[in-house]
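# Residue-level structure breakdown
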Amino acid sequence: MKMNGKVGAYSFYTSTGGRQVARIANNSSNYGETAKRTVAMQTRRSRWGNLMARAYERKGANLSDYNRFMQLNIPLATVSLVKDDFMRGMAILQEYVIADGSLPEIGVSEVEEDGMVFNLLTTMDGEFADYTIGQISINLLDKNPQLQEGDQITFVSYTNAGTTPSTIRIYRHLCEMTIDTKSAVSFGTLKYANMVAGNGLKVVIAGDGDVFGQAIIHSRSVGGSLLVSRAKITLSSDTLVRQFSEPEAVKKAIASYGVDGEKLLEPGSPEQPAPKPIPATAKISSIIAPEGCATFKIVNNTDGKTYFNQAYVSPGDSVKIIVEPTAGYTVDYTPKLVDPNNYEVVDDITFTVTGTPNQ
């Protein structure tokens, strides 16, 4: 008789050769008695809350944007947040990769006190809100050969601020423009349009606060696929990053998540749960032909539960087998039971129900 199932942290199954195997699950989460809470794992967990996701072109078929973001940015994450602060929404801005693809990157040329100058050329001088999208599109296409009609330019600006350390938040502002040389719509109608301008040579994004971060994402739709440029946040200041990356800050963050002194479950460890035997079960199943000619019911006389078509019961239980024909059929079943109302289960058993249409 096969024993399959799970008790506590142990999974029981029968191998191909018939050998009964018990295996303890590898609990890599932060929850449960068997969770591994090594210093390395808890350090990483204390930094997860400080990550934020965007979109990516270069990723596997089954990889989400969030997981691709993690792949690119976990190695860059140095900030560690105390659990309570993270739960309150605290976040520290870091120089994360927020887009990654095959289009050329539009990087930062210069960081200024009140904004950043980007390597996106323009002869316009002043806020873009004073021009139409068509005028700006013509100017950008003329000066930047990597751009095309119909492309989208996303201007991104983050502000990292709070009245107290535990209320520091990340505030994101996006201004998205589709390049359209024929558009007579004012750029000023776009959301957060007033943060984008030109200095006569290059595009400038205005910053807000003592600590801000910015990027420009260039995207293009080709044959139903989205192409994007690589974009990495550039910070105006790393003051907050350094503050929450110091050894003392990391220690406090790890302590808030809890660290288990046992790094591994070693044989004989008192923390290793003792395996408990799984009660044996027997399977009662049915094969009905033609399908739908009858209803097969199993009533467990021991606990009163009713099952249809199949059931798992304990050996020694008494069950009632009921075969109810569908209208228009006469049915029979095998094997025949001496007393179908009081059948004592010993092992797995399969009943074959055969239906014959009435004349």
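Report follows, based on the coordinates. Computed from a predicted structure; not experimentally measured. (Residues numbered from 1 in each chain as written. Predicted model: local features only at pLDDT ≥ 70, side-chain atom pairs only at ≥ 80, totals over all residues. Heavy atoms only, no water.)

## Side note on the nonpolar core
Test applied: Definition of nonpolar core: a set of buried residues of the types Ala, Val, Leu, Ile, Met, Phe, Trp, Tyr and Cys, connected through side-chain atoms within 4.5 Å. In this scheme, a residue with accessible area under 20% of its type's maximum is buried, one over 50% is exposed, and one in between is partly exposed, where area comes from a 1.4 Å probe on protein chains only. Helix and strand labels come from DSSP, where a helix needs a run of H or I of at least four residues and a strand needs a run of E of at least two; each type is numbered from the N terminus. When checking whether two residues touch, look at their non-hydrogen atoms; a contact exists if any pair is within 4.5 Å.
Membership of the largest hydrophobic core comes to 26 residues, with the highest contact counts inside it found for I92, I98, I233 and F244. At the level of elements, helix 2 (65-73), strand 5 (97-100), strand 9 (152-161), strand 13 (212-222) and helix 5 (239-243) are the ones that each hand at least two residues to this core. Broken down by element, the residue count for this core peaks at three residues, all from strand 5. Those residues in contact with F244, other than ones at most four positions away along the chain, are T78, V79, S80, L81, M90, I92, I168 and A249. Residues I106, I153, A193 and I205 belong to the second largest nonpolar core, which totals 23 residues.

## What to know about the pattern of salt bridges
Convention followed: The salt bridge definition used is simple: a Lys or Arg side-chain nitrogen within 4 Å of an Asp or Glu carboxyl oxygen.
This structure, assessed with the given rule, holds six salt bridges. Ionic pairing is found between R242 and D238, a salt bridge with its closest N-O pair at 3.1 Å. For D238, a relative accessible area of 39% gives the class partly exposed. The shortest N-O distance in the salt bridge between D332 and K336 comes to 2.4 Å. Overall, D332 belongs to the partly exposed group, its relative accessible area being 39%. Since its relative accessible area comes to 54%, K336 is described here as exposed.

## Overview of the sheet that holds strand 21 (residues 318-325)
By definition, the strands of a sheet pair up through backbone hydrogen bonds, in either a parallel or an antiparallel sense. Here is the rule: Two strands qualify as a pair provided that DSSP identifies no fewer than 2 bridges between them.
Spatially, 19-18-21-23 is the arrangement adopted by the four strands of the open sheet, whose pairing is antiparallel. With one partner strand each, in any of the chains shown, strand 19 (306-308) and strand 23 (343-344) form the two edges of the open sheet. Sheet topology note: the strand 18 (residues 294-300)/strand 19 ladder contains three bridges and is antiparallel. Its bridge partner being in strand 19, V299 is matched across the sheet by T306.

## Considering unusual backbone geometry
The omega torsion of the bond from A289 to P290 falls at -5°, within 30 degrees of zero and hence cis. Assignment of secondary structure puts P290 in the loop between strand 17 (282-289) and strand 18. In this structure, P335 follows T334 across a cis peptide bond, with omega equal to -5°. Within the secondary structure, P335 sits in the loop between strand 22 (329-334) and strand 23. For Y192, which is not glycine, the phi dihedral falls at a positive 60°. Inspection of the secondary structure puts Y192 in the loop between strand 10 (169-178) and strand 11 (196-199). Given the relative accessible area of 33%, Y192 is considered partly exposed. Backbone geometry places N309, a non-glycine residue, at a positive phi of 70°. Tracing the backbone shows N309 in the loop between strand 19 and strand 20 (310-313).

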